[in-house]
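Fold and geometry: a report
Take a look at the letters that make up each chain.
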Amino acid sequence: MLIILFFTSALYTNAEGTAFPVKLIVDKEVIVSTVDSGADTYDIFESALYNSEDAVLEFLSCKKISLIRIFDKKGQLEFQLPVMSTSVKLSKSLFGQGEYMLGFIVDGMEDVHLTHVNFL
């Protein structure tokens, strides 16, 4: 099953003005949500989906992503991948089961945009 979320609405904020995590992908195999990094999610991603047939996370970004850092549950850097594209595909085989963080480094943005990934 493919689940595609397009980001066309505004990011909700709480009384203090900080952004709530936005769920980018919700699937029976994986949940991906944003982590507040100071960057607006809608300025970064056009779409995100999980292709369950191929077991691949797919992200389409508004701007070129230069690098992705993959961290384990404890925050240890497992590896980083050069991307240099607006289209990113990450195989589930890179992760295994459990929780991870993806750090997207986007051209023209100072902050690293973090997402929380939980393979169920």
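One structure accompanies this document, and this report is about it. (Residues numbered from 1 in each chain as written. Predicted model: local features only at pLDDT ≥ 70, side-chain atom pairs only at ≥ 80, totals over all residues. Heavy atoms only, no water.)

**A few points about the pattern of salt bridges**
Rules: The term salt bridge refers to a pairing of a side-chain nitrogen on Lys or Arg with a carboxyl oxygen on Asp or Glu at a separation within 4 Å. Each helix corresponds to a stretch of at least 4 residues labelled H or I by DSSP, and each strand to a stretch of at least 2 residues labelled E; elements are numbered beginning at the N terminus. Note on classification: 1.4 Å probe, protein chains only; a residue is buried when its accessible area is under 20% of the maximum for its type, exposed when over 50%, partly exposed between these limits.
This structure, assessed with the given rule, holds two salt bridges. Across the pair E29 and K92 runs a salt bridge whose closest N-O atoms are separated by 3.9 Å. Here K92 lies in the loop between strand 6 (77-91) and strand 7 (98-106) and E29 lies in the loop between strand 2 (23-26) and strand 3 (30-35), a separation of 63 residues in the sequence. Since its relative accessible area comes to 25%, K92 is described here as partly exposed. Close ionic contact of D107 with K64 constitutes a salt bridge, the shortest N to O distance being 4.0 Å. Of this pair, D107 sits in the loop between strand 7 and strand 8 (113-119) while K64 sits in strand 5 (residues 56-71), placing them 43 residues apart in sequence. For K64, a relative accessible area of 36% translates into the label partly exposed.

**What to know about the nonpolar core**
Filter applied, for reference: Only buried Ala, Val, Leu, Ile, Met, Phe, Trp, Tyr and Cys residues count toward a nonpolar core, and they belong to the same one when joined by side-chain atoms within 4.5 Å. In this description, contact between two residues means that some pair of their heavy atoms is separated by no more than 4.5 Å.
In this structure, L57, F59 and L102 are the most contacted members of the largest nonpolar core, which totals 23 residues. Every element with two or more residues in this core is listed here: strand 2, strand 3, strand 4 (45-51), strand 5, strand 6, strand 7 and strand 8. Per element, the largest residue contribution to this core is five residues, and it comes from strand 5. Sequence-distant contacts of F59, that is, excluding residues within four places in its chain, are made with L24, V32, F45, S47, A48, T86, S87, V88, L90, L102 and F104.

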